[in-house]
Amino acid sequence: MNTLLPEVLAIHADGTDRLVLSLHVQPALEYFEGHFAGLPLLPGVVQVDWAMRLGRRHLPVCGDFFSLDNLKFQDMIFPGAKVALALEWHAANGRLSFDYRQGDQPLSSGRICFVAGEIA
């Protein structure tokens, strides 16, 4: 069992540049160890990493990571949660938008910026 990525329960594609993944955040994920004692929650950096990894896996995302934009953490993600991750690739400006939700409740969102070629 891969203890670094969530379980993907379903993928709903909306064209070639947008999709929504239904995810199960398994309690056995390594990220919960020590984050935090008595109140385990999924670190924000992991949420960004998953958006980037799953975006590259399922969308035509290209380029090298450059920066994060408009990053917001609005609520916590706990072990065992079932969440939706909406991803949208904007090829014209090299941005991958992500939005985590649990039902109607926003959890986190932002944009991952990519650049073509080497970063000086």
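Our subject is the structure that appears above.
The following refers to the structure shown. (Residues numbered from 1 in each chain as written. Predicted model: local features only at pLDDT ≥ 70, side-chain atom pairs only at ≥ 80, totals over all residues. Heavy atoms only, no water.)

1. Focus on the side chain of Gln47
Part 1 of the reasoning: Its place among the elements puts Gln47 in helix H1 (residues 44–58).
Part 2 of the reasoning: Leave out the neighbours within four places in its chain, and Gln47 touches Leu42, Phe73, Ile77, Tyr100 and Ser108. (Helix = DSSP H or I, 4+ residues; strand = E, 2+ residues; numbered from the N terminus. Contact = heavy atoms within 4.5 Å.)

2. Side note on a nonpolar patch on the surface
Part 1 of the reasoning: Where nonpolar side chains cluster on the molecular surface, the patch consists of Phe65, Leu68, Leu71 and Phe73 and spans about 340 Å² of accessible area.
Part 2 of the reasoning: Mapped onto the elements of the fold, Phe65 is located in strand S3 (residues 64–73).
Part 3 of the reasoning: A residue is classified by how much of its surface remains accessible, and Phe65, at 37% relative accessible area, is partly exposed. (Patch = residues over 30% accessible without salt bridge, like charges linked within 9 Å, V, L, I, M, F, W, Y side chains within 5 Å. Areas by Shrake-Rupley, 256 points an atom, 1.4 Å probe, with all protein chains shown as cover. Salt bridge = Lys/Arg side-chain N within 4 Å of Asp/Glu carboxyl O. Buried < 20%, exposed > 50% of the residue type's maximum accessible area, 1.4 Å probe, protein only.)

3. Brief notes about the pairing of strand S6 (residues 105–115)
Part 1 of the reasoning: Relative to S6, S3 runs antiparallel, the two being bridged by seven bridges. Directly across from Phe73, in S6, lies its bridge partner Ser108.
Part 2 of the reasoning: Pairing between strand S5 (residues 95–102) and S6: eight bridges, direction antiparallel. If you follow Phe98 over to S6, its bridge partner there is Gly110.
Part 3 of the reasoning: Between the antiparallel neighbours S5 and S6 lie two residues, among them Gly103 with a positive phi of about 65°. (Pairing = 2+ DSSP bridges.)

4. Focus: the pattern of salt bridges
Part 1 of the reasoning: For the structure shown, the criterion picks out four salt bridges.
Part 2 of the reasoning: A salt bridge links Arg18 to Asp14; the nearest nitrogen and oxygen atoms lie 4.0 Å apart.
Part 3 of the reasoning: The exposure class of Arg18 is partly exposed, given its relative accessible area of 29%.
Part 4 of the reasoning: Across the pair Arg101 and Asp99 runs a salt bridge, and its minimum N-O distance is 2.9 Å.

5. Quick notes on the nonpolar core
Part 1 of the reasoning: Trp50, Leu87 and Tyr100 are the most contacted members of the largest nonpolar core, which totals 28 residues.
Part 2 of the reasoning: Counting only elements with at least two residues in this core, the list comes to strand S2 (18–24), H1, strand S4 (82–90), S5 and S6.
Part 3 of the reasoning: When residues of this core are assigned to their parent elements, the largest contribution, six residues, is made by H1.
Part 4 of the reasoning: If we ignore the near neighbours within four places in the chain, the residues touching Trp50 are Leu4, Leu5, Pro6, Val25, Leu29, Tyr31, Leu42, Gly55 and Tyr100. (Core = buried A, V, L, I, M, F, W, Y, C linked by side-chain atoms within 4.5 Å.)

6. Considering the side chain of Gln26
Part 1 of the reasoning: Along the chain, the position of Gln26 falls in the loop between S2 and H1.
Part 2 of the reasoning: You can call Gln26 buried: its relative accessible area is 11%.
Part 3 of the reasoning: A polar contact of 3.3 Å, which involves the side chain of Gln26, links it to the backbone nitrogen of Glu7. (Polar contact = N/O pair within 3.5 Å; in protein donor to acceptor, adjacent residues only side chain to side chain.)

7. Examining the sheet that holds S6
Part 1 of the reasoning: With antiparallel pairing, six strands are arranged side by side in an open sheet as S1-S2-S4-S5-S6-S3. Unpaired on one side and paired on the other, strand S1 (7–13) and S3 mark the two borders of the sheet. Along the sheet, successive strands turn relative to each other by an average axial angle of 20°, direction set aside. (Axes fitted to C-alpha atoms, helices over the stretch in contact; angles between N-to-C directions.)

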